[in-house]
Structure formats: C-alpha cells, structure tokens
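What follows is each chain in one-letter form.
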Amino acid sequence: EKWLVDNQTDKFTMIQSLEIRPMKNLVIKGTANWYYSEGVYESFTKDFETAPGKFNTTRASSAKFERDFSQTYNVVLNYNNTFAQNHNIDVMLGSEYYDKKTKGFSASGSGAPTDDFADLNLTDNGEGKRTIDSWHSQYRILSYFGRLNYDYQGKYLLSGVFRYDGYSSLLGDNRWGFFPGVSVGWNIMEERFWKDSKISGVISNLKPRLSYGVNGNVNGIGNFDVYGAYSQVGAKTYGGSTAFYNSGLVNTGLRWEQSQSFEAGLDIGFLNNRLSFILDYYNRTTKDLLTKQALPGYTGFTEIMTNMGTLRNYGFEMEVRANILN
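Procedures and definitions
- Residues numbered from 1 in each chain as written.
- Predicted model: local features only at pLDDT ≥ 70, side-chain atom pairs only at ≥ 80, totals over all residues.
- Heavy atoms only, no water.
- Helix = DSSP H or I, 4+ residues; strand = E, 2+ residues; numbered from the N terminus.
- Rg over C-alpha atoms; globule rule 2.2 N^0.38 Å.
- Areas by Shrake-Rupley, 256 points an atom, 1.4 Å probe, with all protein chains shown as cover.
- Pairing = 2+ DSSP bridges.
- Patch = residues over 30% accessible without salt bridge, like charges linked within 9 Å, V, L, I, M, F, W, Y side chains within 5 Å.
- Salt bridge = Lys/Arg side-chain N within 4 Å of Asp/Glu carboxyl O.
- Buried < 20%, exposed > 50% of the residue type's maximum accessible area, 1.4 Å probe, protein only.
- Lys, Arg positive; Asp, Glu negative; His and termini not counted.
- Charge placed at Lys NZ, Arg CZ, Asp CG, Glu CD.
- Axes fitted to C-alpha atoms, helices over the stretch in contact; angles between N-to-C directions.
- Core = buried A, V, L, I, M, F, W, Y, C linked by side-chain atoms within 4.5 Å.
- Contact = heavy atoms within 4.5 Å.
- Polar contact = N/O pair within 3.5 Å; in protein donor to acceptor, adjacent residues only side chain to side chain.

Some points on the overall build of the chain
Part 1 of the argument: Helix and strand counts for the chain come out as one helix and 15 strands.
Part 2 of the argument: Compactness check: the chain gives a C-alpha radius of gyration of 30 Å against a globular reference of 20 Å for 326 residues, more than 25% above the reference.
Part 3 of the argument: By its C-alpha atoms, the chain is 95 × 50 × 50 Å across when sized along the principal axes.
Part 4 of the argument: Of the roughly 21000 Å² that the chain leaves accessible, carbon and sulfur atoms contribute 54%.

Now the structure itself:
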C-alpha cells in the first residue's frame, strides 16, 4: 500500500412534529428538523516508484475536519370548507426559519522522514512545507408564505400564492423579497350549456387558464459577498510579516433576482380523454439577474457580482397524451 486514505462521514437527522386540530376543517402543524453532518478525512502517500530506478519521496500527508449543522422550524395552518354547497375554499398560511452553520479546519505537510508514520507533526517544518486553514460560515432564511384556492361548483377556479423571504447574506431592505402569484381557470365542460350540447360527446375536457407569478433567486450570492473578500499575503512577500489585501469588491447593493412569468394555456380532451392536448404559451422575464461582471485589470480586481443582467425567455409548449389501447 502506497496511498493510505481514511475517510469517515457521520450524518444524523431528527424530525419532530406536532399537529393540532382546534376546530373542524382547521389543522395547525409545527415541525422541527435538525440535520448534523461531520466528516474526518486523512491521507498519506508513501514513497513510490515513478519510473525504473526513480522514486517520489515527497511523503505528502493531509488531514481535514468539517461539521455542518442546519435546523429548520416551520408552522403551517391549513383550513378548508364549503359554503352554500357551491363555494369551496382551501387556505394555507405558514412561516419557516432556516439556519445553517459550517465550520472546519485542514492541514497538510510533506517531507516525513519515514513511511511508517503519517502524523503531521512529523512532516518537514521548513518554510513552505506545511499549510493550515480553518473556516466558519453561517446564513439564515426567514420566510412567510400562503396560498388560497377557490372554486365555484368546480367550474371557476382561482388560486393565489405569496412568499415573503428574508436572506441574511443581503443587507437592509435588500434582504427581503416579495413573490406573489395568481392563476385562474374555467372548466367549460361543467357548464350546463356545454353538457346539453352535442359536441360534449366528442370534446370531453376543455379548460382555458391564465397565470402570472414572480419567483425569487439568491443562488450564486456567497455568504459574505456583500462585504467583499480578503486574502492573505505571505510573510515572505511582505517584509517578514503576514498581511491581508482586499481581493473582492464590496457590493452592499446586491438584491434578490426576480423572474416574472405569464402563462396562457388550454387543456383539451377528446373521446372521454382518450386523446388529450395541453397547450401553453409562456413569457418569462428575469430582472436583477445575478451576473458576474468582468473588470479591467487596472482596477486590481477580476470581477464583481452584480444585479445588472436581464433575461427574457418565451415560447410555446404542447403535450399530447393518447390512450390507444385499454
């Protein structure tokens, strides 16, 4: 054995929930979720022959430890009822809190005197022979959300949703984003005039629908991007002392990316839905697109994360389903 690798990861998940029914048609549920992950990684390379008579005697050794702990708490209220035998409503309201912490450290070295021991303290302690690092990070998301579904006799359908999310890695008012949505539909085949028509025997399903909504995105924003980044200058470079320099620009104006989507669709079914079509036109515009903007070299920086981008995506989709043989 010339390459010794010993890795171990341990993961633990615990979920607890409580459900309360204080009155008919009302359910309140609370959930707590803990996720713990820990990993230890060690490696050591013994002397090995790279070519006849030539050996690699670096004897590189490394060790790493990392721990993640995330916790999620939410409370969700669900209420549904029917009024006057024709009006059906379904209401959901909730809130969620998410928190994730990460910490770890790593070290590596080379030049151990023998293949028999992989401990880092036996590696060469000369300049440039050892490296050490540690890291800590944390971010949180607080959300409020809701949904209302309504229909009248199964003919007229209305749905409204919203989210209000706060992200700790943004600053001030930019931390919060509001993302609503609404959709409507009409089941024409439930109308009396349709059921009495001769065409209902051929077209068994006809449902036009419209929807509009806004989605948010913060993927790509690092936990500390708004504060800029700093890197270490080696002691040899800076007159024998360790120093730091600004390696990433500050951008306190970073905010949520938002995608606004409009969709018009039509569901059609023939011959008791043995043949059906789903037709959709969509138009999606993304504003404040998270984009890395390249910078000229004389600034001392290579790029900066911005909300300068805009993207539009539109088109037509069709899905065909056929039940040829039962």
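Having seen the structure, we can now continue with the description.
Re the pairing of strand S14 (residues 275-294)
Across a regular strand the side chains alternate sides, sitting on one face of the sheet and then on the other.
Part 1 of the argument: Across 13 bridges, strand S13 (residues 257-270) lies against S14 in antiparallel orientation. Bridging across to S14, Gln260 finds its partner in Thr285.
Part 2 of the argument: Inspection of the sheet shows S14 paired to strand S15 (residues 303-322) by 17 bridges, in the antiparallel sense. Residue pairing for S15: Ile278 is matched across the bridge by Glu319.

Observations concerning a nonpolar patch on the surface
Part 1 of the argument: A grouping of Leu158, Val182, Val184, Leu210, Tyr212, Phe262, Leu275, Tyr281, Tyr314, Phe316, Met318 and Val320 is seen on the molecular surface, where their side chains present a nonpolar patch of about 1100 Å² in accessible area.
Part 2 of the argument: If you list the elements that add at least two residues to the nonpolar patch, you get strand S9 (176-186), strand S10 (203-217), S14 and S15.
Part 3 of the argument: Among the elements that line the nonpolar patch, the one with the most residues is S15, at four residues.
Part 4 of the argument: Secondary-structure assignment places Val182 in strand S9.
Part 5 of the argument: Since its relative accessible area comes to 42%, Val182 is described here as partly exposed.

So, a positive patch on the surface
Part 1 of the argument: Residues Lys101, Lys103, Arg140 and Arg175 make up a contiguous surface patch of positive charge.
Part 2 of the argument: When you line up the elements, Arg140 lands in strand S7 (residues 131-152).
Part 3 of the argument: Overall, the relative accessible area of 35% leaves Arg140 in the partly exposed class.

Observations concerning the sheet that holds strand S2 (residues 26-45)
Part 1 of the argument: The 11 strands lie next to each other as S1-S2-S5-S6-S7-S8-S9-S10-S13-S14-S15, forming an open sheet whose pairing is antiparallel. Strand pairing shows two members of the sheet lacking a second neighbour, strand S1 (3-23) and S15, which therefore form its edges. Put simply, the sheet's adjacent strands are angled 10° from each other on average, direction ignored.
Part 2 of the argument: Relative to strand S8 (residues 156-167), S7 runs antiparallel, the two sharing 12 bridges. Residue pairing in the sheet places Tyr150 in a bridge with Leu158 of S8.

Observations concerning unusual backbone geometry
Part 1 of the argument: Of note in this structure, Asn25 is not a glycine but carries a positive phi near 70°.
Part 2 of the argument: Within the fold, Asn25 resides in the loop between S1 and S2.

Looking at the nonpolar core
Part 1 of the argument: Listed in full, the 12 residues of the largest apolar core are Tyr139, Tyr167, Leu170, Phe179, Val214, Val218, Ile221, Val226, Leu254, Trp256, Leu290 and Met305.
Part 2 of the argument: Other than its neighbours up to four places away in sequence, Val226 contacts Ser169, Leu170, Leu171, Val250, Asn251, Thr252 and Leu254.
Part 3 of the argument: Residues Ile188, Met189, Trp194 and Ile203 belong to the second largest nonpolar core, which totals six residues.

Here's the deal with the environment of Arg67
Part 1 of the argument: Mapped onto the elements of the fold, Arg67 is located in strand S5 (residues 61-83).
Part 2 of the argument: As for Arg67 and Lys11, which are separated by 56 residues in sequence, their C-alpha atoms are 9.8 Å apart.
Part 3 of the argument: Every residue in contact with Arg67, bar those within four places of it in the chain, is listed here: Tyr36, Ser37, Glu38, Lys101, Thr102 and Lys103.
Part 4 of the argument: A polar contact is formed between the side chain of Arg67 and the side chain of Tyr36, at a distance of 3.0 Å.

Quick look at the side chain of Ser168
Part 1 of the argument: By secondary structure assignment, the location of Ser168 is in the loop between S8 and S9.
Part 2 of the argument: Separated by 2.7 Å, the side chain of Ser168 and the backbone nitrogen of Arg140 make a polar contact.
Part 3 of the argument: Beyond its immediate sequence surroundings of up to four residues, Ser168 is in contact with Tyr139, Arg140 and Arg175.

These results come straight from atomic positions and should not be treated as a statement about function.
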